[in-house]
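# Structural features, examined
One letter stands for each residue in the lines below.
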Amino acid sequence: MSRLTLTMKHFLSLFLLSIALVVVLGSCQPQTSTIGRSNLVIASKGFTEQDILQELLAQHIEHQTNLTVDRRRLVGFVSHKALLSGDIDAYVEYTGTAYTGIFKQPAIADPQEVYQRLQSLYAKQAIAVMPSLGFENTFAMVIRSQDAQKYQIKTLTQAAQYTPQWRAGFGYEFLEREDGFQGLAKTYNLQFSQQPQIMDLGLIYRALVQNQVDFIAGNSTDGQISRLGLVILRDDRFYFPPYEAVPLIRQATLQKYPKLQAAIAQLRGLISADEMRQMNYLVEGELQDVKVVVKNFLQSKHLL
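Calculation rules
- Residues numbered from 1 in each chain as written.
- Predicted model: local features only at pLDDT ≥ 70, side-chain atom pairs only at ≥ 80, totals over all residues.
- Heavy atoms only, no water.
- Axes fitted to C-alpha atoms, helices over the stretch in contact; angles between N-to-C directions.
- Helix = DSSP H or I, 4+ residues; strand = E, 2+ residues; numbered from the N terminus.
- Parallel < 35°, antiparallel > 145°, perpendicular 65-115°, else oblique.
- Left-handed = near helix turned anticlockwise from the far one by under 90°.
- Contact = heavy atoms within 4.5 Å.
- Nonpolar A, V, L, I, M, F, W, Y, C, P; charged D, E, K, R; others polar.
- Core = buried A, V, L, I, M, F, W, Y, C linked by side-chain atoms within 4.5 Å.
- Buried < 20%, exposed > 50% of the residue type's maximum accessible area, 1.4 Å probe, protein only.

### A word on the packing of helix α4 (residues 95-102) against helix α5 (residues 111-123)
- Two numbers describe how α4 lies on α5: the axes approach to 10 Å, and their chain directions differ by 55 degrees. One element, α4, and the other, α5, form an angle in the oblique class. Between α4 and α5 lies a crossing of left-handed hand. For the pair formed by α4 and α5, the contact residues are T95, A98, Y99 and I102 on the first element and V114, R117, L118, L121 and Y122 on the second.
- Here the contact of α4 with α5 is composed, by residue class, of 7 nonpolar, 1 polar and 1 charged.

### Some words on the nonpolar core
- Membership of the largest hydrophobic core comes to 63 residues, with the highest contact counts inside it found for M141, W166, F174, L184, F215 and I271.
- It is helix α2 (residues 48-65) that provides the largest number of residues to this core, a total of 6 residues.
- Ignoring anything within four residues of it in the chain, the contact list for M141 reads L156, F174, L184, F215, I216, A217, V231, I232, L233 and F240.
- Core analysis: the next-biggest nonpolar cluster, separate from the first, contains 21 residues, V41, I102, Y115 and V129 among them.

### Some details on the side chain of N280
- Locating N280 in the fold gives a position in helix α14 (residues 273-284).
- Those residues in contact with N280 that lie beyond four places of it in its chain are T48, E49, I52, T221, D222, G223 and G285.

Written out as structure tokens, the structure reads:
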């Protein structure tokens, strides 16, 4: 057999082996087919309560409609941008946050008026505002219970006479927001012994309990408030707008999946502030899994 014949046979063998490898490796690559992908994407704004509400929407929709839901964790106003762009289909927003923070409207105290105006504003962006889940998560001005008892304080108006002796600690967002500290300080004439400290929200309650600060801005549904025996000062001059928790969903998604509207409507008024606070505590304080906490809650409401 000639050397040329051997070379040709060797080349042919290598060629066939290369083809076989391409076929095998190609079969191992991720499939690009849409089969098996989730029907819709629901986002969280990146903190515990939002993770719970995301999971609640997702579990309820999957149970009631047999649609599949992808969970995505975003941060703050990124969720709004993702909703407009179509990167996500839904998330839970707070009415006052959307009205003043997203649409830059002056604060209004009437919850129903805020809700109706939001419906009109979002409709222009092809977004549906669904009914409230039943609770609001407003900013909460929090002090230690011993200070509330010592000075007989229940309201922000009453607290204002003592704040010159106190140190305040706030998250960056509260210091910068339109509906945040600057307006609150003017409304109640709040003055402190020093400039408010910018603090990580994960550490702010610990700082209060450990006497590093005396006055903080938390959230009314934070599980740590009741767990640590802290006191929320009543906003007696109604500075803060309502912050009702409402699901937002793209109109295009509702049209694509007609069962969604009725499914989400079943969640109307489902959660009280105490129930939301308890779920937050179970996840943050007891370190329970979000999926388990939500499943147990929905079962208690006979929705699973």
